[in-house]
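One letter stands for each residue in the lines below.
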Amino acid sequence: MIMEKIRVGIIGAAGYTAGDLLRILIHHPNVEIVTLQSQSQAGKKVSTVHTDLIGDSEFAFSATIKSDDLDVVFLCKGHGKSLRLIESSPDLLNIKVIDLSQDYRLQGNHDFVYGLPEINRAQIKSATHIANPGCFATGIQLGILPAIKASFIDGDIHVSGITGSTGAGQSFSTTSHFSWRTNNASVYKPFVHQHLNEIGESCVLLDDQWNGRINFVPYRGAFSRGIITTSYFATEVSDEDLRVAYEEAYESHPFTYVSDHNPDLKMVVNTNKAIVYPKVIGGQGMVISVIDNLLKGASGQAVQNMNLLFNLDEKTGLNLKASAF
């Protein structure tokens, strides 16, 4: 039996996350791309903006989108814009929606399901609207949630993480300029990063007795893509018990792997993989996690969620090659 293609639209199709979505969806065996909306690039061929897609796509950007023509729409607009879009075009909610902004990630007066498959797979499968997690939120949560669920953490969690320049989006800013970013590093939003709120909700979901604080210091890195985070916390469990908890947590999840050695970014860049390395050293639990911020941290995870929404194998279209060198 041949399955009908999933008719897909992307709103805000000219940015970084939309570009990676296109690179996946063009080759997805169950997808028909119907509409790519971008007000700023309307009428232009996709390959004039996402130049690496020359020869792969003859699509042109459109100024508008008709939800009646679609099975699912990906919202790739900036934070705050998805909420305003749906308020002005509520008909979009008549189809499946995967929002890559932060607008619906927190619990509230909406029916969006938080799209971290490693904790919400069953809910995602039965949902209509998905709030895709943030990039730092994905990396940090995959590093700490098994320990939270097992009640292995005593007190606060301390996290440091470094992200590539694509994490800042495509719009120009001083701190994304090559001459500023290269051979440089800086801290930003220490202890107040916006992803902490969604992480906190997941922690309470898995252990409503945990009342610690997550002390997170993010860094800007001098590379284009990838996130590496290191989380540490006091614990009374053994190294073996911590590792077993992580292996059991992720044994049925096809993209998250527990490593027995210290991982590096090139193991995951350009893939939808997450690699976590749990270790207990002198009464401190430490977990290193690495993801690609644009894939497992955004567009790859969005396609993973689409696969779950349409009852496809979770890995469909996502067998991507890492940049080993």
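Each chain has its residues counted from 1, following the order in which its sequence is written. Reporting in this predicted model follows two pLDDT cut-offs: at least 70 for local features of residues, and 80 or more for side-chain atom pairs to be given and counted; totals over whole chains, interfaces and linings ignore these cut-offs and use all residues. Excluding hydrogens and water, the side-chain figures rest on all heavy atoms present in the structure.

**Q** Hey, could you run me through the sheet that holds strand β7 (residues 154-163) in this one?
**A** Sheet strands pair by backbone hydrogen bonding; their relative direction is either parallel or antiparallel. If you walk across this open sheet you meet the seven strands as β8-β9-β7-β10-β13-β12-β11, and the pairing is mixed. Two strands close off the open sheet at either side, each with one partner strand: β8 (186-187) and β11 (256-258). Should DSSP find at least two bridges between two strands, the strands are regarded as paired. To qualify as a helix, a DSSP run of H or I must reach at least 4 residues; to qualify as a strand, a run of E must reach at least 2; elements of each kind are numbered from the N terminus. For β7 and strand β10 (residues 227-234), the ladder comprises seven bridges, and the chain directions are antiparallel. Across the sheet, residue Asp-154 finds its bridge partner in β10, namely Ala-234.

**Q** Got a minute to help me understand the pattern of salt bridges in this structure?
**A** Close approach of charged atoms allows side chains with opposite charge to pair. Salt bridges are counted wherever a side-chain nitrogen of Lys or Arg sits within 4 Å of a carboxyl oxygen of Asp or Glu. In the structure shown here, the tally under the stated rule is eleven salt bridges. Across the pair Asp-20 and Arg-225 runs a salt bridge whose closest N-O atoms are separated by 2.6 Å. Here Arg-225 lies in the loop between β9 (214-220) and β10 and Asp-20 lies in helix α1 (residues 16-25), a separation of 205 residues in the sequence. In terms of burial, Asp-20 and Arg-225 fall into one category: buried. Here Arg-23 makes a salt bridge to Asp-52, at a shortest N to O gap of 2.6 Å. For the exposure calls, accessible area comes from a 1.4 Å probe over protein chains only, and a residue counts as buried if that area is under 20% of its type's maximum, exposed if over 50%, partly exposed in between.

**Q** Would you mind showing me how to read the sheet that holds strand β3 (residues 72-75) here?
**A** One open sheet accounts for six strands, arranged β2-β1-β3-β4-β6-β5; its pairing is parallel. With one partner strand each, in any of the chains shown, β2 (31-37) and β5 (113-114) form the two edges of the open sheet. The pairing of β3 with strand β4 (residues 96-99) spans four bridges and is classified as parallel. Looking at the pairing, Val-72 lines up with Lys-96 of β4.

**Q** Just checking my understanding: could you explain the environment of Asp-52 for this structure?
**A** Here Asp-52 is to be found in the loop between β2 and β3. Of note is the side chain of Asp-52, whose polar atom sits 2.6 Å from the side chain of Arg-23. N or O atoms within 3.5 Å of each other form a polar contact, as long as, within protein, one can give a hydrogen and the other can take it, and as long as residues adjacent in sequence are counted only when both atoms are side-chain atoms.

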